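Understanding the architecture of this molecule
Below are the chains, spelled out letter by letter.
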Amino acid sequence: MTERLVKVYPKFERFWHWSQAALIFVLLFTGLGLRGLHGLLPFGSAVMLHTIAALALVLLWIFAIFWHLTTGTWRHYVPTTQDLFKVARFYAYDIFKGAHHPYRKAFWRKHNPMQALTYLALKLVLFPAIWLTGIAYLTYNFWELQPNASLLLEIVANLHVLAAYLIATFVIVHVYLLTAGHSFVEHVKPMITGFDTIDLTPEEEAYLAADEPGRLKR
Amino acid sequence: MRTRRLRLGIAGMILLLGAMPVLAQTQSTPATVPKSGSTADHSTFEILKKPFASGPEVTEACLSCHTEASKQVMGSIHWTWDYTHPATGQKLGKSRVINAFCGNVASNEVRCTSCHAGYGWENLSEGPPKQQSAVDCLVCHDMSGIYSKLDNAAGNPPMTPVPAGSMTITGAPAKAVDLAMAAQSVGLPRRENCGQCHFYGGGGDNVKHGDLSSVLYDPDKSVDVHMSKDGANLVCSDCHVTNSHAWAGSRYNVTAHDMIGTGKPGERRDVATCESCHGTEPHPAASLTGMKLNDHADRVACQTCHIPEFARGGVATKTVWDWSTAGKLKDGKPYAEDEFIQSDGKRLHTYLSTKGDFEWGENVVPHYAWFDGQVEYTTGDQKIDPSAIVEVNKISGTADDGKSRIWPFKRMEGRQAYDKQLNTLVYNHAYGPDTGTAFWTNFDWNKSIKAAMDYVGQPYSGEFDFVDTYMYWPITHMVAPKEDALDCQACHAKDGRLANLAGFYMPGRDPGGLVDMIGLAILLAAIAGVAGHAVLRLATRRGGQRHD
C-alpha cells in the first residue's frame, strides 16, 4: 500500500457538487422567505427563483444519477460496517484526545463508512423526499380538483419544509466536519483540484501509472 | 356590316363609359351607414312621430311591433323584484329584503319604485302593475340621453308642467322629457341607461355597491380596464348578456367559481363571469409565472387580485350608516352636516336628520371571505341576536368545502332598528310626505316602524332599539389593468390582506407553525451539537496532548 495523490473527483463530480451546493443555498434562502421567516426578497421573485433553482437541481440530479450508474461510482456509497465503529468512536471520543482520523481512503472507497452512510441516506431519503414533494407542489394545477386538494397541499408543503430543515442540518454538520481530522482547507481542496490522498494497492498504482497517468501526481 | 358593328360597339362603349360615373354615384348614395348596426331606424316610424303624453303611451307604440317584449320584461327580476333562491328557498328580491341602506321598499313605494323598470307601482303588496303598457321601455333603450325618471313618481318621467324642485333618480334637476324624441332614438342599452339606476342605488352616486358609480360613464383605464374608452370600451350588457330580457349576473346566487370558462365555439353562455370571456386558465400558461397564477384560480376569485381597491376614480362610497342618530333637529327643523370631502372637492353628507350618521370611503381595500356564491338574507321573519353584529346578508362558503373561492366584498357597516321584544329586524316607513307616520317628515321611530310593520303584515311589539349590522356586497366591477393587480406579498405575508382568513395553508402567511418549530429545533440542536463539539475539541487540545 502506498499513499498517493490521486484524482478521485473528476470534473463532472466537482461541477455537480458545487452547483448543487449553490442551488441548495439559493433554495434554502428563498424557501425560508416563502415560509415567511424573512422578507428579504419580494414573494413573487422568491417563488420564481425557488422554482427555477429547483428545476435546475432536478436536471442536475438526472445527470448525476446517470453519471453514478454509468461510471460505477455508485459503489462508493454501498453501506459497510467495516471501520464504522472506529470512525464513530473517533468523532465521539478520540478526536478530543487529538487522535488521527482512523480511516484511510481507498481507490474504490473515497469516503469513510460514516460519510458514505450519511450521503447514501441523503441520496435515498432526503433528496427524493424534497424532490417528490417539490414536484407535487409545483404540479398542483394538475390535481387541484381532487377532493381534499387543499389539505393534501398542506401536507405536501409541510413534508417539503421538514425535508428542507433536515437538508439544512446536513449542510451545517457537513461543513463542520470539514474541520475535523484534517484542516478545513485540506478537506475542501480535493473537491476543487480533484486530487486526494488515497491508499493505493500496488495493482491500482501500476494500473494508473500505465493507463491513466494523468490521475497520479508525482 | 363589319364596320357598322364596330361603330355600334364603339358607340356603346362610349355610352357605357359616360354612364359609369353616374352608376358609381348611385351606388354610394345610401347616406351614412347607421352606427348601431340595427336594421331599423326608429326615427322613420310614423307611430313614433306623435306627441306622447305619458310613458305607457310610448310603450303601447313599442308593443305594436315588439309584441312579446313586455311579457319578457314582466318575467324578469327587473320587473318582479321577487326572487326565490333555488338553493335556500328563501324568498328574496327588492320587494322583500331589508338592507343596510334605506332599509326596505315596502311602505316607501313611490320613492323606491322610481327605479322600477315600469310605471306606477304604488303598492308593493299588490305586485307590479299588470298591464303590459306599464313596462318602461325607454329607461333601458333611450339613446337620446334626454329620458329620465322622477325620484318620487313610481317610475314616471318628468312631464310638463314639471313641479318646482323636482329631481330625477340621479339627483339631477328634472326637465320635461320629449317622449317622441326619446322613442325615435331607441337602441341597445348603453352604460347611461343601466347607470342611472344601478350607479345611484342607496340614494346617491356609488352609495350602495362601491364598485358601480358614475365614474363608469367614462372611466380612466386605471379605474376600469373593461369600460374605459382607452381599454375594451365595453358596456354593461357586453358581460351581462341577455336572453329574452333576462340578464346574466345575480347578487343572490352568484356563479362564484365558473369551471366551464368560455365554452365551446358558438356555445351560448348566459353568465357574466370573468371566465366566460377569459377562460379558466387566464394567465399565459407558457410561463412559470402564468402557471403559478393559474394555480390560484381554483381558490382565489379573479376579482380578489384584479380589483385591489373599490370606489376608485373619484366617487366615494358609503361605508357606515348609523340610523340610530337620525331624528335630531335644530330649532325644530331637520339639518345636514357635510364633513366628508371627496377627492374632487365635493362635500358629502355626514349627517342628515332623516337618515343619521354616515362615513364614506374612496379607494377602499375590500373585505375578503370564502364564498360559494350563496347568499342568505336576514329577512324580517328571522330571529337575530342583538348582542352580536347582525349580518343582514350572510355569505356562505368555507376553505374546505371544495367549491368556495376567496372573494372581495364591500362590508357595509350599519346600525339599524330592530324589535327589542321579538328580536327581528324591522321595516321602516321613511318616505311619504303626506302621511302622519313617515319618519322623514315626522321623525318618530315608533310611528314609522309601526306603520311599516302593519303595512307588511308583520308583528311589532312596540319596543325598538338599534343593532350593529354588516351587509356584504361582492366586488366585481372596476377591474384594474393587469399591472395594477395585487402583488403576491399583498396576501403572502404575515400581516397581509388574508391574515384573518384562517384554516387553510398559505405560504408566507403563517411562519412559526408546528413544522417550523420542529425543523428549527432540529437545526438548532445540530448547531448546538456542532458548537459543543468544537468547544470540547478546543478545550481538550489546549489542556491535553498535542498531535500533528
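Residues numbered from 1 in each chain as written. Chains lettered and ligands numbered in written order. Predicted model: local features only at pLDDT ≥ 70, side-chain atom pairs only at ≥ 80, totals over all residues. Heavy atoms only, no water.

Let us now look at the overall build of chain B. In terms of regular secondary structure, chain B is built from 15 helices and 17 strands. Taking 548 residues into account, the globule formula puts the C-alpha radius of gyration at 24 Å, and chain B, at 32 Å, lies well above it. Each of the three principal axes of chain B carries a C-alpha extent, and together these read 135 × 95 × 45 Å. Per-residue burial for chain B yields a buried fraction of 44% across its 548 residues. Expressed as a percentage of contacts within chain B between residues at least 6 apart in sequence, the contacts between residues at least 24 apart total 66%. Summed over all atoms, the accessible surface of chain B reaches about 27,600 Å², with 56% contributed by carbon and sulfur. Both charge centroids of chain B, one from 52 positive and one from 60 negative side chains, sit 7 Å from each other. (Helix = DSSP H or I, 4+ residues; strand = E, 2+ residues; numbered from the N terminus. Rg over C-alpha atoms; globule rule 2.2 N^0.38 Å. Buried < 20%, exposed > 50% of the residue type's maximum accessible area, 1.4 Å probe, protein only. Contact = heavy atoms within 4.5 Å. Areas by Shrake-Rupley, 256 points an atom, 1.4 Å probe, with all protein chains shown as cover. Lys, Arg positive; Asp, Glu negative; His and termini not counted. Charge placed at Lys NZ, Arg CZ, Asp CG, Glu CD.)

Residue and element names in this part refer to chain A. It is the contact of helix α1 (residues 11-35) with helix α2 (residues 43-71), at a shortest axis distance of 9 Å, that shows an interaxial angle of 155°. Looking at the two axes, α1 sits roughly antiparallel to α2. In this structure, the crossing between α1 and α2 has a hand that is left-handed. Of the residues that constitute the contact of α1 with α2, the class distribution is 21 nonpolar, six polar and one charged. (Axes fitted to C-alpha atoms, helices over the stretch in contact; angles between N-to-C directions. Parallel < 35°, antiparallel > 145°, perpendicular 65-115°, else oblique. Left-handed = near helix turned anticlockwise from the far one by under 90°. Nonpolar A, V, L, I, M, F, W, Y, C, P; charged D, E, K, R; others polar.)

Residue and element names in this part refer to chain B. Note the cis peptide between threonine 160 and proline 161, where omega equals -5°. Along the polypeptide, proline 161 turns up in the loop between α6 (138-141) and α7 (179-184). Positioned with a positive phi, aspartate 331 is a non-glycine residue whose angle comes to about 55°. Looking at the element boundaries, aspartate 331 is found in the loop between β5 (317-322) and β6 (336-337). In this structure, asparagine 363 is a non-glycine residue whose phi angle is positive, near 50°. Checked against the element boundaries, asparagine 363 lands in the loop between β10 (356-361) and β11 (367-371). For asparagine 363, a relative accessible area of 39% corresponds to the partly exposed category.

As a further point, take the interface of chain A and chain B. Chain A puts 40 residues into the contact, and the matching count from chain B is 37 residues. Carbon and sulfur atoms supply 65% of the area that chain A and chain B bury against each other, a total of about 3,500 Å² over both sides. Joining chain A to chain B, the criterion identifies one salt bridge. Taking the shortest distance from any N to any O, the salt bridge between A:Arg35 and B:Asp516 comes out at 3.0 Å. Counting across the interface, chain A meets chain B through 14 residue pairs in polar contact (both at pLDDT 80 or more). No other element matches helix α6 (residues 149-177) of chain A, which puts 14 residues into the side of chain A that touches chain B. By residue class, the composition of the side of chain A that touches chain B is 26 nonpolar, ten polar and four charged. (Buried area = accessible area lost by both parts, 1.4 Å probe. Salt bridge = Lys/Arg side-chain N within 4 Å of Asp/Glu carboxyl O. Polar contact = N/O pair within 3.5 Å; in protein donor to acceptor, adjacent residues only side chain to side chain.)

Before going further, it helps to spend a moment on the side chain of B:Asn206. Residue and element names in this part refer to chain B. Along the polypeptide, asparagine 206 turns up in the loop between α8 (191-198) and α9 (236-239). Residue asparagine 206 is classed as buried on the basis of its relative accessible area, which comes to 0%. The contacts of asparagine 206, once residues within four sequence positions are left out, are Phe199, Asp211, Leu212, Ser213, Ala311, Val315, Ala316, Thr317 and Lys318.

All names here are of chain A. Counted under the stated rule, the structure contains 21 salt bridges over all chains. Between glutamate 205 and arginine 4 there is a salt bridge, with the nearest N and O atoms lying 2.7 Å from each other. Of this pair, glutamate 205 sits in helix α9 (residues 202-211) while arginine 4 sits in strand β1 (residues 2-7), and the two are 201 residues apart along the sequence. As a salt-bridge pair, aspartate 94 and arginine 89 come within 3.2 Å of each other at their nearest N and O atoms.

Residue and element names in this part refer to chain B. Among the six residues of β5, six are classified as buried, and the element is accordingly described as predominantly covered. Where β5 and β10 come together, five bridges link them in antiparallel fashion. Counterpart to valine 320 in the pairing with β10 is glutamate 359. Where β5 lies against strand β15 (residues 405-419), three bridges are found, and the strand directions are parallel. The residue bridging aspartate 322 from the neighbouring strand is arginine 415, located in β15. (Pairing = 2+ DSSP bridges.)

A word on the side chain of B:His209. The residue B:His209 is located in the loop between α8 and α9 in this model. Setting aside its immediate chain neighbours within four residues, B:His209 contacts B:His198, B:Arg251, B:Thr317, B:Lys410, B:Trp473 and B:Ile475.

Residues and elements named next belong to chain B. Of all hydrophobic cores here, the largest spans 49 residues; its most connected members are Phe371, Trp445 and Met471. Broken down by secondary-structure element, the contributors of at least two residues to this core are β10, β11, β12 (375-377), β15, α14 (445-456) and β17 (464-474). At six residues, the largest contribution of residues to this core is made by β17. Those residues in contact with phenylalanine 371 that lie beyond four places of it in its chain are Val254, Ala256, Ile395, Ser396, Gly397, Ser404, Arg405, Trp407, Phe409 and Pro474. (Core = buried A, V, L, I, M, F, W, Y, C linked by side-chain atoms within 4.5 Å.)

Here the focus is the environment of B:Ala485. All names here are of chain B. With respect to the secondary-structure elements, alanine 485 resides in the loop between β17 and α15 (514-543). Placed 180 residues apart in sequence, alanine 485 and cysteine 305 show a C-alpha to C-alpha distance of 5.4 Å. With sequence-adjacent residues up to four places away left out, alanine 485 is seen in contact with Cys305 and His306.

Another aspect to go through is the environment of A:Gly33. All names here are of chain A. As for its position among the elements, glycine 33 is in helix α1. Of the residues examined, glycine 33 reaches a relative accessible area of 14% and is grouped as buried. Remark: the alpha-carbon pair of glycine 33 and alanine 46, spanning 13 residues in sequence, is separated by 7.1 Å.

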